[in-house]
Amino acid sequence: MRKNEVLAAIRRRYRDREPLNVSAVKREDPELVAAVYAVTPYWGWKQALADAGLSYKSIRIEIRDTVQCLLCGKSFRSLFGHLRIHETDVADYRTQFPNAEIVSESMRHDAMERHGEMSAAWLPHWEPCYTAEYVLDRVKAYADCGMWMELTTIERVDASLLRMIRSYLDETSWDDALRIIGLDPVVYRGCHRPDDFSLADLQSFLEQRRRAGLLSTPSALFATYDDRHRRPRVFVWAMQRYGNWSVALDAAGVDRSDPLFGGVRYLTKESVVEDLQRLQHELPDMSHCTANLLPYGIQLTKAASRYFGNWDAALDAADIPVDIRHRSVTYDSADEVVAAITERLTNEFSVAPLDVFFGARSDIQLWKAAFRFFPSWRAAVVKSGGTSAQVKQAAQTPLGTRAKVLRELRKRSSDVSRLAITSLTSDVADKHLHAMASGFFGDWQSAVRAIGVDPKSYHQWNLDPHRKYVEKESIVKEIQRRQRASEPLHTRGLTDGEHVDVPLLYAARKVFGNWESAIRAAGIDYDTIVRKRQDYDAYRDRVYRNYMSADQVINELKRRHAESMPLHVRGVTHNTNPEYRDYALFRAAKEYFGTWEAALTEAGIDVESVRPAWVTKRSERLRKKQQRR
């Protein structure tokens, strides 16, 4: 049935005063309804009525009080109880009769009125009850009125619609529903089209916010909603158009160093190198921790990783001497501790225990020094002149005294393996225990000794000893064998990967004092096998790359795949070949696509085909181990 024939049929029903709501037409003329929803692009019943010159205010609406059982022909208000007579249930009934209704139209109408008050406030209902066709028309109507087409937003304003999608469209997801009505879920979640806005609109939007003194950073704009729970549409358009907000700001020609636009200090890798060379004469050391404690330190360290791959590579590019790259601050007096805490307070850095011990601006040396000179971290913050709010923040821990820490450790001592520091997880309770034990007692092992437990008693190699190597000769012989077999001899190669041998590492350290002495005893030059030094030399030779859009990431992935270069995570981030290693690519892929695997998939690359054999073997080994448990 062509479109003009559909319109003629609708007008004929209207002239004959026949009902024109979807549920009624489906009963009397299902071919007409099917023809409307077969039209592409998506038409829908409401639009078909409008094209026929009709509206819901002018048509006749009819709903029935009963629903017919297709097994016996009898009618009831609901079939839930009746189906038991036929010894069947709803699932089997709908399998035999797809799209069959179980509840009468009048009951569905009453339910929609009871549960649809919120959704009606956003988008009033025009059909008397839900049908599969009305579900799709309603999704389309939300998109047409400019609603943010994200699942969480629709759930907030019309939860019943999502329930009806699951009920009428079987296993259809929200994205599938958008595709049925002709919308691309990836693009249309932002409810915009490429020609909705222009660069001039973006510039005008940014200028208005600048005049009003409003922040135009991604975090500020993501937290901005209108009365329909939508983020600024120009912002969403720009994110889709340019790939990320930084590129959009550059296209708009704004000064990104302006605090309202993020106050970005490092727009080029040259600016990072210049600042690093300046800071080496102003800071006590050039460690990552010391840099992060600057007011703009997070910007500096992130820019270093973005432009050069990691912090050490950036220091190499700036020719920073190796001897000043490690943390040298020791806090040898109470005055030094107070001065450091005062600086944190002045810069408005967090003084919450977990942030000081684990956060981006962590300073573990300061944390431990504060406990050496003051009764607690809170007392040190009070002594440094912290406000009441800052003092309250410094006390945000359930283990604020030595007694509480000891009590918690004794609880765990019933199973000594739970006292191993390796048993601590990222759980907040474990983090509090680790931080406060390190503060009150200096380190974790000292805290464990304070409850009368020897740390050696719970060490995994003491609990389950497997002494493969006892004498020096056996250790030296195994090291030499690994060298002949080209197996890794750096410590990471002994603890991870295909050639794991942790007992060799532990035995060598116990017998020779450290791993380096064991390597030299085997007649091997330690500098040729140590991983970190190899990496530093390679970083000096590498070409630093930068990826400012998702398209650049995709193009690079395709190039690497075409040239048969490694594409698994470790082969990209830790490859010993500087031409293959590209940590900036890995970071950009996660930034634009969420995960490395998602970026590979977007580039049309099979994830399994690039995964090394040892990863597959390890996954299988872990799976079998989990099954045995």
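Look above for the structure.
Along each chain, residue indices are assigned from 1 in the same order as the chain's sequence is written. Reporting in this predicted model follows two pLDDT cut-offs: at least 70 for local features of residues, and 80 or more for side-chain atom pairs to be given and counted; totals over whole chains, interfaces and linings ignore these cut-offs and use all residues. Calculated side-chain values reflect all of the structure's heavy atoms, with hydrogen atoms and water omitted.

1. Points about the state of the cysteines
Note on terminology: disulfide denotes any pair of cysteine sulfur atoms within 2.5 Å. Throughout the structure, instances matching the rule amount to zero disulfides. Not part of a disulfide, Cys129 finds its nearest cysteine sulfur in Cys69, a span of 19 Å.

2. With respect to the nonpolar core
The nonpolar side chains of a soluble globular protein tend to be buried with one another. The nonpolar core is taken to be a set of buried Ala, Val, Leu, Ile, Met, Phe, Trp, Tyr and Cys residues, with the residues joined through side-chain atoms within 4.5 Å. Each residue's exposure class comes from its accessible area (1.4 Å probe, protein chains only) as a fraction of the maximum for that residue type: buried when under 20%, exposed when over 50%, partly exposed otherwise. Grouped together as the largest cluster of nonpolar side chains are 47 residues, with contacts concentrated most on Ile10, Trp45 and Met149. If one sorts the elements of this core by residue count, helix H8 (residues 132–144) sits on top with eight residues. When neighbours within four sequence positions are excluded, Ile10 is seen to be in contact with Leu20, Leu32, Trp45, Ala48, Leu49, Ala52 and Leu54. Phe374, Leu399, Leu406 and Leu424 belong to the second-largest nonpolar core, a separate cluster that totals 39 residues. Secondary structure elements are defined from DSSP: runs of H or I of at least 4 residues count as helices, runs of E of at least 2 residues count as strands, and each element is numbered from the N terminus. Contacts between residues were defined by any pair of non-hydrogen atoms, one from each residue, lying within 4.5 Å.

3. With respect to the pattern of salt bridges
The salt bridge criterion pairs a side-chain nitrogen of Lys or Arg with a carboxyl oxygen of Asp or Glu, the two atoms within 4 Å. The tally for this structure, following the rule as stated, stands at 29 salt bridges. Between Arg27 and Glu105 there is a salt bridge; the shortest N-O distance is 2.4 Å. With Arg27 in helix H2 (residues 22–28) and Glu105 in helix H6 (residues 105–115), this residue pair connects regions lying 78 residues apart in the sequence. Taking relative accessible area as the criterion, Arg27 reaches 28% and is therefore assigned partly exposed. Judged by its relative accessible area of 8%, Glu105 is buried. A salt bridge links Asp363 to Arg327; the shortest N-O distance between them is 2.8 Å. Pair noted here: Asp363 is in the loop between helix H22 (353–358) and helix H23 (364–373) and Arg327 is in the loop between helix H20 (311–317) and helix H21 (334–346), with a separation of 36 residues, a long-range link. What makes Asp363 buried here is its relative accessible area of 1%.

4. Notes on the side chain of Ser104
Within the secondary structure, Ser104 sits in the loop between helix H5 (90–96) and H6. Contacts described as polar in this section are N or O atom pairs within 3.5 Å, which, within protein, must combine one atom able to donate a hydrogen with one able to accept it, while residues neighboring in sequence count only if both atoms come from side chains. In terms of polar contacts, Ser104 uses its side chain to reach the backbone carbonyl oxygen of Asp65, at 3.3 Å. Filtering out sequence-adjacent residues up to four positions away, Ser104 remains in contact with Arg64, Asp65, Thr66, Val67 and Arg77.

5. Focus on the environment of Val264
Structurally, the position occupied by Val264 is in the loop between helix H16 (245–252) and helix H17 (269–279). With sequence-adjacent residues up to four places away left out, Val264 is seen in contact with Arg256, Ser257 and Gln299.

6. Here we look at the packing of H21 against H23
In contact at an axis separation of 9 Å, H21 and H23 are set at 130° when each is read in the N-to-C sense. Considering the angle they form, H21 stands oblique to H23. Note on packing geometry: the crossing formed by H21 with H23 is left-handed. Facing H21, whose interface residues are Ala334, Val337, Ala340, Ile341 and Arg344, H23 presents Leu366, Ala369, Ala370 and Phe373. For helices, the fitted line uses only the C-alpha atoms of the stretch in contact; every axis is such a line through C-alpha atoms, and the angle between N-to-C directions lies from 0 to 180 degrees. We call two directions roughly parallel when the angle between them is under 35 degrees, roughly antiparallel when it is over 145, roughly perpendicular when it lies between 65 and 115, and oblique otherwise. Handedness of a crossing is defined here by the sense of rotation of the near helix relative to the far one, left-handed for an anticlockwise turn of less than a right angle and right-handed for a clockwise turn.

7. A short note on the environment of Ser216
Secondary-structure assignment places Ser216 in the loop between helix H13 (199–211) and helix H14 (218–222). Of the residues examined, Ser216 reaches a relative accessible area of 1% and is grouped as buried. Sequence separation between Ser216 and Phe235 is 19 residues; the distance between their C-alpha atoms is 9.4 Å. Not counting residues up to four positions away in its chain, the partners in contact with Ser216 are Leu206, Arg209, Leu221, Trp245, Leu260 and Phe261. Among the polar contacts made by the side chain of Ser216, one reaches the side chain of Arg209 at a distance of 3.3 Å.

8. Details of a positive patch on the surface
Without a salt bridge and with relative accessible area above 30%, a residue can belong to a patch; like charges are then joined within 9 Å and nonpolar side chains (Val, Leu, Ile, Met, Phe, Trp, Tyr) within 5 Å. Methods summary: accessible areas were calculated by the Shrake-Rupley approach with a probe of 1.4 Å, and residue burial reflects only the protein chains presented. Counting rule applied: Lys, Arg positive; Asp, Glu negative; His and chain ends not counted. To locate a charge, take NZ of a lysine, CZ of an arginine, CG of an aspartate or CD of a glutamate. A surface patch of positive charge is lined by Lys302, Arg306, Arg587 and Lys590. Secondary structure elements with two or more residues in the positive patch: helix H19 (297–308) and helix H37 (583–593). Within the secondary structure layout, Arg587 lies in helix H37.

9. Focus: unusual backbone geometry
Note that the residue after Thr40, namely Pro41, is joined by a cis bond; omega there is -5°. Within the element layout of this structure, Pro41 appears in the loop between helix H3 (30–38) and helix H4 (45–51). In this structure, Arg17 is a non-glycine residue whose phi angle is positive, near 60°. You can see Arg17 is positioned in the loop between helix H1 (3–15) and H2. Under the relative-accessibility criterion, Arg17 is labelled partly exposed at 46%.

10. Section: the packing of helix H26 (residues 402–412) against helix H27 (residues 428–441)
In the contact formed by H26 and H27, the axes pass within 10 Å of each other and the chain directions differ by 125°. The orientation of H26 with respect to H27, classified from their angle, is oblique. For the pair H26 and H27, the sense of crossing is left-handed. Each of Arg402, Val405, Leu406, Glu408, Leu409 and Arg412 in H26 lies in contact with H27, whose residues at this interface are Asp430, Leu433, Met436, Ala437, Phe440 and Phe441. Gly is placed with the polar residues, together with every amino acid not listed as nonpolar (Ala, Val, Leu, Ile, Met, Phe, Trp, Tyr, Cys and Pro) or charged (Asp, Glu, Lys and Arg). Of the residues in the contact of H26 with H27, the class split is eight nonpolar, no polar and four charged.

11. Details of the environment of Leu399
Counting through the fold element by element, Leu399 comes out in the loop between helix H25 (388–394) and H26. On the basis of relative accessibility, which here comes to 10%, the residue Leu399 falls in the buried class. Along the sequence, Leu399 and Leu433 sit 34 residues apart, while their C-alpha atoms lie 7.1 Å from each other. In this structure Leu399 touches Lys404, Val405, Glu408, His432, Leu433, Met436 and Phe440, once residues within four positions along its chain are discounted.

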